[in-house]
Amino acid sequence: MKSSSSLKPRDGFTTGLGVIAATLGSAIGLGNIWKFPSLTGTNGGAAFLILYVACTLIVGLPVMISELAVGRRARANAVTSYGKLGPGQPWWLIGAAGVLAAFLILAFYTEVAAWVFAYIFKAATGGLATNDPVVTAQAFNGLITSPVQSLVWQWIVLAFISVIIIAGVSKGIERMTKRLMPALFVLLLIVIVRSLTLPGAGAGLAFLFKPDFSKVTAATVLAAMGLSFFKLSVGMGTMTTYGSYFRADQDIPGTAIRVMLGDVLVSILAGIAIFPAVFAFGFKPDAGPSLLFITIPAVFNSMPLGGAFMVLFFILAAIAATGAMLSLLEVPVAFLNERLGWSRTVATIGTSLLLALVGSTAALSSSLLADTKLFGKTFFDLFDFASSNLLLPVGGLFICLFAGWRWGAAEMRRELTNSGALTNARIVNLFIGIVKFVTPVLVFIVLLNGLGVIKL
Ligand code: TRP
């Protein structure tokens with residue numbers, strides 16, 4: 001490590017509330033409002049929801065706890081953390097793969113955020129003032145098929161998150177994420193009330209809560225597991241990096257469980273807000289990624305003062321996305337800052353410029369590059385699929401092997417109990433057992449089965 005970063009005390013989260021806000025801010029994002037409803041819609045509803053919650057408990061949460069423990073012990077960026085706690089072996093590759101994954105995820109994530117940001121202005125200027133889903137569909141297609149709009153909005157998003165990241169961990173990330181989370185809850189509740197009171201809303205609830213397992217395939221299980229990684233921001237070093245900013249007295253398992261519960265709750269609330277409306281308007285639930293951008297505006301325009309609520313809703317969706325993007329961008333920035341000695345400002349600007357380049361392939365996936373396919377997918381779809389269904393599970397598998405076996409149960413126990421200061425020995429032992437024996441085996445099987453390598 002370069003000496004420049006060891007002269008000053010390392011930046012970090014300052015309060016317990018700040019830790020929760022930042023970590024929850026990372027977990028809650030477009031994953032809840034955009035990815036979860038679209039995947040649930042295309043994978044048969046309730047059956048998918050059940051699989052997703054199960055994966056969150058047996059896969060996502062244990063990986064999250066492992067990452068936070070590793071990060072807090074090492075007090076370093078993702079690459080250095082695994083290198084430091086597993087010296088003499090190439091465990092640092094987990095962190096290196098994480099930095100790569102951060103790029104791929106941000107490449108498409110910043111584009112979806114770009115649509116959200118653009119929608120704030122479209123909504124504010126009356127461009128979406130219709131309760132006719134056909135018209136909102138036209139507005140959405142107009143946006144995503146315009147190369148200029150797609151690129152410029154993505155650059156605006158990149159500039160916005162860069163400014164916050166440059167401000168630092170406590171003054172940027174923590175301060176920003178402590179705000180508007182409660183407001184997001186309030187707005188979701190308002191949409192839910194509207195959605196549930198639409199005639200024909202019951203069909204949407206049945207879809208979300210009455211399981212039909214006949215739709216479940218190996219690919220469905222892999223998608224549910226991929227979502228559980230994506231939702232909790234685990235498998236690529238985000239939580240390792242955030243763990244390195246945790247206070248020494250923070251209860252890691254308790255924090256992780258709270259964040260997991262808050263995150264699952266927001267996903268389910270988003271489902272309740274969206275599916276009844278989808279069914280009430282006679283839409284098919286399997287529209288995929290466009291659900292948020294076509295259905296939600298129509299829902300808002302069906303209620304009094306809907307235009308104003310819609311502006312507020314997309315502002316809040318943008319802020320949810322912001323907390324998540326900050327945690328993604330922090331991974332390469334912390335690495336460049338601590339390993340190569342770049343200043344935070346240079347590291348952030350450098351990363352963002354490279355992202356603008358890589359991300360443009362995702363931004364143009366509905367316009368200039370719509371016919372450019374790799375493995376049968378556009379860049380946008382490829383980045384999305386490869387990160388959730390490949391990189392995060394593989395990363396999560398190695399994180400479990402590292403934490404449970406290489407770094408080891410004894411060290412993990414020390415970190416998760418704050419050297420015995422917390423009285424959580426039973427739950428800690430349970431999680432360590434899961435990390436060692438259950439999660440890696442499960443991830444391995446689901447991964448190979450989902451990719452068609454083995455057939456169960
Ligand atoms: N969890 C965020 C969401 O649901 C996305 C996210 C942030 C993420 N950081 C991550 C996903 C790290 C994977 C890895 O929107």
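A.B. asks: How do you make sense of the overall build of the protein when you look at a structure like this?
C.D. replies: The number of helices and strands found in the protein is 19 helices and 0 strands. Taken over C-alpha atoms, the radius of gyration comes to 21 Å for the protein, in line with the 23 Å a tight globule of 456 residues would show. Referenced to the eigenvectors of the C-alpha coordinate spread, the extents of the protein come out at roughly 60 × 45 × 40 Å. For the protein, buried positions account for 60% of its 456 residues. Long-range pairs, those at least 24 residues apart, make up 81% of the contacts in the protein with a sequence separation of at least 6. Looking at the protein as shown, the accessible area adds up to about 16900 Å², and 70% of this sits on carbon and sulfur atoms. Taking the 30 positively charged and 17 negatively charged side chains of the protein as two groups, their mean positions are separated by 5 Å.

A.B. asks: What's the story with a nonpolar patch on the surface in this structure? I'm lost.
C.D. replies: Together, Leu57, Ile58, Val394, Phe398, Leu401, Trp405, Phe437, Val438 and Leu442 make up an exposed nonpolar region whose accessible area comes to about 740 Å². Elements represented by at least two residues in the nonpolar patch include exactly helix H4 (46-74), helix H18 (379-416) and helix H19 (425-450). No other element matches the 4 residues that H18 contributes to the nonpolar patch. Mapped onto the elements of the fold, Leu57 is located in helix H4. Looking at Leu57, the relative accessible area reads 43%, which means it is partly exposed.

A.B. asks: What exactly am I supposed to notice about unusual backbone geometry here?
C.D. replies: Peptide bonds are trans in most cases, and residues, glycine excluded, mostly fall at negative phi. Within the chain, Arg75 stands out as a residue other than glycine whose phi angle is a positive 50 degrees. Here Arg75 shows up in the loop between H4 and helix H5 (78-85). Judged by its relative accessible area of 30%, Arg75 is partly exposed.

A.B. asks: Would you explain the pattern of salt bridges in this entry?
C.D. replies: A side chain with one charge can pair with a side chain of the opposite charge if their charged atoms come near. With the rule as written, the count across this model stands at 11 salt bridges. Note that Glu411 and Arg73 form a salt bridge whose closest N and O atoms lie 2.5 Å from each other. In this pair, Glu411 is assigned in helix H18 and Arg73 in helix H4, connecting sequence segments 338 residues apart. Notably, a salt bridge pairs Lys215 with Asp212, separated by 3.3 Å at the nearest N-O pair. Taking relative accessible area as the criterion, Lys215 reaches 48% and is therefore assigned partly exposed. Residue Asp212 is classed as partly exposed on the basis of its relative accessible area, which comes to 31%.

A.B. asks: What is the right way to read helix H15 (residues 291-300) from this model?
C.D. replies: Along an α-helix, a turn takes 3.6 residues, which lines up residues three or four apart on a common side. In terms of burial, H15 is largely enclosed, as 10 of its 10 residues are buried. Every buried residue of H15 is accounted for by Leu291, Leu292, Phe293, Ile294, Thr295, Ile296, Pro297, Ala298, Val299 and Phe300. As for H15, its buried residues are in contact with helix H3 (30-42), helix H6 (92-124), helix H7 (133-144), helix H10 (181-196), helix H14 (252-280) and helix H16 (306-339).

A.B. asks: How do you make sense of the site of the ligand when you look at a structure like this?
C.D. replies: Close contacts around the ligand come from 16 residues, with Ala27, Gly31, Tyr109, Phe230 and Lys231 the closest. One of the backbone nitrogen or oxygen atoms of Leu30 is found 3.2 Å away from an oxygen atom of the ligand. One of the side-chain N or O atoms of Ser327 is found 3.2 Å from a nitrogen atom in the ligand. The element contributing the most residues to the shell around the ligand is H16, with 3 residues. Its residues placed into classes, the shell around the ligand shows 9 nonpolar, 6 polar and 1 charged.

A.B. asks: Would you take a moment to explain the nonpolar core for this structure?
C.D. replies: Nonpolar side chains tend to gather and get buried jointly when the protein is soluble and globular. Of all hydrophobic cores here, the largest spans 151 residues; its most connected members are Phe13, Leu292, Phe293, Phe313 and Phe314. Discounting residues that sit within four places of it in the chain, Phe13 has contacts with Val19, Ala22, Val169, Ile173, Glu174, Tyr242, Tyr245, Phe246 and Arg247.

A.B. asks: I keep staring at H3 and nothing clicks. Help me out?
C.D. replies: Taking 1.5 Å as the rise per residue, H3 with 13 residues should run 18 Å; its terminal C-alpha atoms sit 17 Å apart, in good agreement. Taken as a whole, H3 carries its principal kink of about 30 degrees at Phe36; the proline Pro37 stands between one and four residues after it. For H3, the tally of buried residues reaches 12 of 13 residues, placing the bulk of the element in the interior. Within H3, the full set of buried residues consists of Leu30, Gly31, Asn32, Ile33, Trp34, Lys35, Phe36, Pro37, Ser38, Leu39, Thr40 and Gly41.

A.B. asks: Please clarify how the packing of helix H9 (residues 169-177) against H16 should be interpreted in this entry.
C.D. replies: For any two helices packed against each other, the geometry comes down to the angle between their axes and how far apart the axes lie. Here H9 crosses H16 at 155 degrees, and the two axes come no closer than 9 Å. As judged from the angle between their axes, H9 and H16 are roughly antiparallel. Between H9 and H16 the crossing geometry is left-handed. Between H9 and H16, the contacting residues are Val169, Ile173, Met176 and Thr177 on the first element and Gly323, Leu326 and Glu330 on the second. Considering only residue class, the contact of H9 with H16 consists of 4 nonpolar, 2 polar and 1 charged.

A.B. asks: How should the packing of aromatic side chains be read in this particular structure?
C.D. replies: Here the distance between the centres and the angle between the planes together describe a pair of aromatic rings. This model, assessed by the stated rule, comprises 23 aromatic pairs. An angle of 65 degrees between the planes, with centres 5.7 Å apart, marks the rings of Phe117 and Phe160 as edge-to-face. Of the two residues, Phe117 sits in helix H6 while Phe160 sits in helix H8 (residues 147-167), which places them 43 residues apart along the sequence. Relative accessible area serves as the criterion here: at 9%, Phe117 is assigned to the buried category. Residue placement shows Lys436 over the ring face of Trp405; its charged tip is 4.4 Å from the ring centre.

Reading the values: the criteria
- Residues numbered from 1 in each chain as written.
- Predicted model: local features only at pLDDT ≥ 70, side-chain atom pairs only at ≥ 80, totals over all residues.
- Heavy atoms only, no water.
- Helix = DSSP H or I, 4+ residues; strand = E, 2+ residues; numbered from the N terminus.
- Rg over C-alpha atoms; globule rule 2.2 N^0.38 Å.
- Buried < 20%, exposed > 50% of the residue type's maximum accessible area, 1.4 Å probe, protein only.
- Contact = heavy atoms within 4.5 Å.
- Areas by Shrake-Rupley, 256 points an atom, 1.4 Å probe, with all protein chains shown as cover.
- Lys, Arg positive; Asp, Glu negative; His and termini not counted.
- Charge placed at Lys NZ, Arg CZ, Asp CG, Glu CD.
- Patch = residues over 30% accessible without salt bridge, like charges linked within 9 Å, V, L, I, M, F, W, Y side chains within 5 Å.
- Salt bridge = Lys/Arg side-chain N within 4 Å of Asp/Glu carboxyl O.
- Near = heavy atom within 4 Å.
- Polar contact = N/O pair within 3.5 Å; in protein donor to acceptor, adjacent residues only side chain to side chain.
- Nonpolar A, V, L, I, M, F, W, Y, C, P; charged D, E, K, R; others polar.
- Core = buried A, V, L, I, M, F, W, Y, C linked by side-chain atoms within 4.5 Å.
- Expected span 1.5 Å × (residues − 1).
- Bend = angle between axes of the 7 residues up to and from the residue.
- Axes fitted to C-alpha atoms, helices over the stretch in contact; angles between N-to-C directions.
- Parallel < 35°, antiparallel > 145°, perpendicular 65-115°, else oblique.
- Left-handed = near helix turned anticlockwise from the far one by under 90°.
- Phe/Tyr/Trp six-rings, centres within 6.5 Å; stacked < 30°, edge-to-face > 60°.
- Lys NZ or Arg CZ within 6 Å of the ring centre and 35° of its normal.

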